[in-house]
Amino acid sequence: MLCINDNVGENISEIPKINLEKTKTDIIEFIKDKVDESKTNGVVVGLSGGIDSTLVAHLACEALGKDKVFGIAMPSTTTPTEDKIHGIEIAKYLDIEHKEIGIDGILNEFLDVTQLEENNLAIGNLKARIRMSIIYYYANAKNYLVIGTGNKSEILIGYFT
């Protein structure tokens, strides 16, 4: 662990070395084991267009084969254009079955039904939950597992859908 001291240069330990090949192999074996243990047919991954979902999709393909990985891109009007493009591009690059589902209609219907004053934080959280519901729907329908794409920072602060 990197330790930073008030006296720069003193008592600073180095970041631990990571055996990248072993880590990759361990993650691939973990994915295989979880799919086997659950007696499911593959995994569903949400494709945001970011590094986390791209890496997870790639590792899932290595673990299971591309025919057992299903990707879903779920943009909204606030999703940056490049993220929309990247999510679909990674699915095409990996040659996995994929779908793009815009979430604005679901979001707007929910907001219309609840008739609450709009709150940006609540809407942001709702978008994450809508995406999660779509991913789990497809996973259940296909007898697949949902494979998470959260990172350590999200888990540490307790914000992981």
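How each quantity is defined
- Here the residue numbers are simple positions, counted from 1 along each chain's written sequence.
- Side-chain atom pairs in this predicted model are given and counted only at pLDDT of 80 or more, local residue features only at pLDDT of at least 70, and totals for whole chains, interfaces and linings cover all residues.
- Values reported for side chains reflect all heavy atoms of the structure, with hydrogen atoms and water molecules removed beforehand.
- We count a stretch as a helix when DSSP gives it H or I for four or more residues in a row; a strand needs E for two or more, and each element gets its number in order from the N terminus.
- Relative accessibility thresholds used throughout: buried, under 20% of the residue-type maximum; exposed, over 50%; partly exposed, between the two (1.4 Å probe, protein chains only).
- Computed with the Shrake-Rupley method and a 1.4 Å probe, the accessible areas treat only the protein chains shown as cover for residues.
- Asp and Glu are treated as the negative residues and Lys and Arg as the positive ones, with His and the ends of the chain left uncounted.
- In plain terms, the charge of a residue is placed at NZ if it is Lys, CZ if Arg, CG if Asp and CD if Glu.
- Note on geometry: axes are C-alpha line fits, over the in-contact stretch for helices, and angles between N-to-C directions span 0 to 180 degrees.
- An angle below 35 degrees is read as roughly parallel, one above 145 as roughly antiparallel, one from 65 to 115 as roughly perpendicular, and any other as oblique.
- Crossings are classed by handedness, with left-handed meaning an anticlockwise turn of the near helix from the far one by less than a right angle and right-handed meaning a clockwise turn.
- Any pair of residues with heavy atoms lying within 4.5 Å of one another is described as a contacting pair.
- Throughout, the ten residues Ala, Val, Leu, Ile, Met, Phe, Trp, Tyr, Cys and Pro are labelled nonpolar, Asp, Glu, Lys and Arg are labelled charged, and all others, Gly among them, are labelled polar.
- Salt bridges are identified by distance alone: a Lys or Arg side-chain nitrogen within 4 Å of an Asp or Glu carboxyl oxygen.
- Pairs of N or O atoms are called polar contacts if they sit within 3.5 Å, as long as, within protein, a hydrogen donor faces a hydrogen acceptor (for residues adjacent in sequence, only side-chain-to-side-chain pairs).
- When DSSP finds two or more bridges between two strands, those strands count as paired.

S.K.: Could you give me a rundown of the overall build of the protein chain, with the residues and numbers involved?
M.R.: Helix and strand content of the protein chain: six helices and four strands. Reading the protein chain from its N terminus to its C terminus gives the helix and strand order α-β-α-β-α-β-α-α-β-α. With respect to the three principal axes, the spread of C-alpha positions in the protein chain is 60 × 40 × 30 Å. Put simply, the protein chain has 161 residues, and 30% of those count as buried. Roughly 10,900 Å² of accessible area belongs to the protein chain as shown, and the carbon and sulfur atoms make up 55% of that amount. Averaged over its 16 positive side-chain charges, the protein chain has a centre that lies 6 Å from the centre of its 24 negative ones.

S.K.: Residue-level account of the packing of helix α1 (residues 20-38) against helix α2 (residues 51-64), with values.
M.R.: Two elements in contact, α1 and α2, have axes whose closest approach is 9 Å; the angle formed by their N-to-C orientations is 65°. Accordingly, the angle class assigned to the pair α1 and α2 is roughly perpendicular. With respect to the hand of their crossing, α1 and α2 are arranged in right-handed fashion. Taken together, the residues of α2 that come into contact with α1 (itself represented by Lys24, Ile27, Ile28, Ile31, Lys32 and Val35) are Leu59, Ala60, Glu62, Ala63 and Leu64. Residue composition of the contact of α1 with α2, grouped by class: eight nonpolar, no polar and three charged.

S.K.: I'd like a description of the pattern of salt bridges, backed by residues and values.
M.R.: Going through the model one piece at a time under the given rule, you end up with six salt bridges. Between Lys24 and Glu62 there is a salt bridge, and its shortest N-O distance comes to 3.2 Å. A residue pair is termed long-range when its members are at least 10 positions apart, and Lys24 in helix α1 and Glu62 in helix α2 qualify at 38 residues. A relative accessible area of 31% means that Lys24 is categorised as partly exposed.

S.K.: Tell me about the side chain of Lys127, and please be specific about residues and values.
M.R.: For Lys127, the location among the structural elements is in helix α5 (residues 120-142). An unpaired buried charge is present at Lys127: no salt bridge exists, and Asp104, the closest side chain of opposite charge, is 5.4 Å distant. Here the side chain of Lys127 touches Ser76 through a polar contact of 3.4 Å, side chain to side chain. Among residues more than four places away in sequence, those in contact with Lys127 are Ser76, Thr78, Ile103 and Leu107.

S.K.: Explain the environment of Gly42 residue by residue, including any values.
M.R.: Position of Gly42 relative to the elements: it lies in the loop between α1 and β1 (43-46). When the C-alpha positions of Gly42 and Pro16 are compared, they lie 33 Å apart, and in sequence the two are 26 residues distant. Apart from the residues within four sequence positions on either side, Gly42 is in contact with Val35, Leu64, Lys68, Asn143, Tyr144 and Leu145.

S.K.: Can you break down the sheet that holds β1 residue by residue, with the values?
M.R.: Spatially, the four strands line up as an open sheet ordered β3-β2-β1-β4, and their pairing is parallel. With partners counted over all chains shown, the strands left at the sheet margins are β3 (97-100) and β4 (145-146), one partner each. Relative to β3, strand β2 (residues 69-73) is paired through four bridges, and the arrangement is parallel. Residue pairing across strands places Gly71 opposite His98, the latter belonging to β3. With respect to the sheet, α2 is in contact with β1 and β2, its orientation differing from that of β1 by roughly 165°.

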